[in-house]
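An overview of the molecular structure
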Amino acid sequence: MTALPPLPRDRVLQLIGRMKGSRVVVVGDIMIDRYLVGETERLSPEAPVPVVAIRERHSALGGAANVAANVSAMGATCLLVGVVGDDTDGAAIRQNLAIARLEDRFVIPIAGRPTTSKTRIIARSQQIVRIDDEVDSLLEGPELARMTKAAREALADADALLLEDYNKGALPPALIAAVDLQDRNALPEVLTRLKTDNLLVTLGADGMLLVTKDGGALRIPSIAREVYDVSGAGDTVTAWLGTALAAGASVREAAQLANYAAGVEVGKPGVATVSPEEVLAVHEERFDQLGRLRRGGVI
């Protein structure tokens, strides 16, 4: 298994510059992540569970919306397509989209279907419990038709399409077939089963594994210095990978940039975005580190 060498600095700068001119469409399950942060000093007299006194509340875009926020944070143009409920969480998502400089014209409200939400209760920097409020039935009928129409309109002049399926019902097979127009070839082994040319597998602390139809298996070591919270790391990888490809990066180059971004994201609390400047700083540090090792005869 081959390990990928770091990208030259000039190439990283070139790709980051091009990414800012890319147009990316994200279609999928939109969520809101809520955080209730407090302190716990005693057990409840009603049951052997901790009592958490809430001191702070905040929310963030989750799911496909978090991917879109990451794309926007790179300076690229991003259109988000998905559904929300006609409720307070749906309104909160629109407010957060505005803060992230994202349009909401392709975010479709559906009466009677709650906005997917994840509420995390945190005390002493530890997650105590997560509460999910969702309906995961697949879209159908008029709602599916509206979603498909919105996706096709958003894709009119896009450079890349990211499909974000979290099994919350926004991406039924009929919708995927309607918007994914790329021809598929027969490929060996796992790529054949998935009907795709390339597969990027995230491995947590072990980095990533990139499998390509012509290059075999390529190992991308993790560059995370400290893992604070893995929430949203996969979203960050998807956003950076897709936007880099839209900017003309090779699959290998895009995977490396996504790995840098993931290393930054897991060092932040909760779901977070990663800026081009942060990725460039990680690349510089990594490149300098390898240079010192070469000069010292270690590698």
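Residues numbered from 1 in each chain as written. Predicted model: local features only at pLDDT ≥ 70, side-chain atom pairs only at ≥ 80, totals over all residues. Heavy atoms only, no water.

**A closer look at the environment of leucine 245**
Mapped onto the elements of the fold, leucine 245 is located in helix 7 (residues 233-246). When the C-alpha atoms of leucine 245 and leucine 15 are compared, they prove to be 9.2 Å apart, with 230 residues separating the residues in sequence. The residues touching leucine 245, leaving out its near neighbours within four places in the chain, are Ser250, Val251 and Ala254. (Helix = DSSP H or I, 4+ residues; strand = E, 2+ residues; numbered from the N terminus. Contact = heavy atoms within 4.5 Å.)

**Description of empty space enclosed by the protein**
A full pass over the atoms with the stated rule returns two cavities of 30 Å³ or more. Around the largest cavity, the lining residues are Asp29, Ile30, Val83, Val84, Gly85, Arg113, Pro114, Thr115, Thr116, Val135, Lys168 and Ala170. For the lining of the largest cavity, the element with the highest residue contribution is strand 5 (residues 77-85), accounting for three residues. The class makeup of the residues in the lining of the largest cavity is six nonpolar, three polar and three charged. The computed volume of the second largest cavity comes to approximately 30 Å³. Lining the second largest cavity, in full, are Arg23, Val24, Val25, Thr77, Leu79, Ala154, Asp157 and Ala158. Elements with a minimum of two residues in the lining of the second largest cavity: strand 2 (23-28) and strand 5. The biggest single contributor to the lining of the second largest cavity is strand 2, with three residues. Here the lining of the second largest cavity is built from residues that sort into five nonpolar, one polar and two charged. (1 Å grid on protein atoms, 1.4 Å probe; cavity = no way out; pocket = protein on both sides within 12 Å on 5 of 7 lines; lining within 4 Å. Points joined across faces, edges and corners; volume = space filled by probe spheres on them. Nonpolar A, V, L, I, M, F, W, Y, C, P; charged D, E, K, R; others polar.)

**Comments concerning the pairing of strand 9 (residues 160-164)**
Residue alternation in strand 9 divides its side chains into a buried set, Ala160, Leu162 and Glu164, and an unburied set, Leu161 and Leu163. In the sheet, strand 2 pairs with strand 9 via five bridges, with the strands oriented parallel. Following the sheet pairing, valine 27 is matched in strand 9 by leucine 163. (Buried < 20%, exposed > 50% of the residue type's maximum accessible area, 1.4 Å probe, protein only. Pairing = 2+ DSSP bridges.)

**Examining the environment of proline 221**
Positionally, proline 221 belongs in the loop between strand 12 (216-220) and helix 7. Sequence-wise, proline 221 and glutamine 256 are 35 residues apart; in three dimensions their C-alpha atoms are separated by 9.3 Å. For proline 221, the contacting residues outside a window of four places in its chain are Asp206, Gly207 and Asn259.

**Focus: the sheet that holds strand 8 (residues 126-133)**
Within the open sheet, the four strands sit side by side as 4-3-7-8. Their pairing is mixed. Each having just a single partner strand, strand 4 (50-63) and strand 8 make up the two edges of the open sheet. On average, adjacent strands in this sheet sit at an angle of 20° to one another, irrespective of strand direction. Across the sheet, helix 2 (residues 64-73) touches strand 3 (30-43) and strand 4, and the angle it forms with strand 4 is around 65°. (Axes fitted to C-alpha atoms, helices over the stretch in contact; angles between N-to-C directions.)

**Quick notes on the pattern of salt bridges**
Summed over all chains, the structure comprises eleven salt bridges. A salt bridge links lysine 168 to glutamate 134; its shortest N-O distance comes to 2.8 Å. A residue pair is termed long-range when its members are at least 10 positions apart, and lysine 168 in the loop between strand 9 and helix 5 (173-179) and glutamate 134 in the loop between strand 8 and helix 4 (141-154) qualify at 34 residues. Accessibility expressed as a relative area gives 13% for lysine 168, which makes it buried. Among the salt bridges present, the one from glutamate 153 reaches lysine 149, with a minimum N-O distance of 2.5 Å. Here lysine 149 and glutamate 153 lie together in helix 4, a separation of four residues that amounts to about one turn. The exposure class of glutamate 153 is partly exposed, given its relative accessible area of 41%. (Salt bridge = Lys/Arg side-chain N within 4 Å of Asp/Glu carboxyl O.)

By themselves, these figures tell us nothing about what the structure is for.
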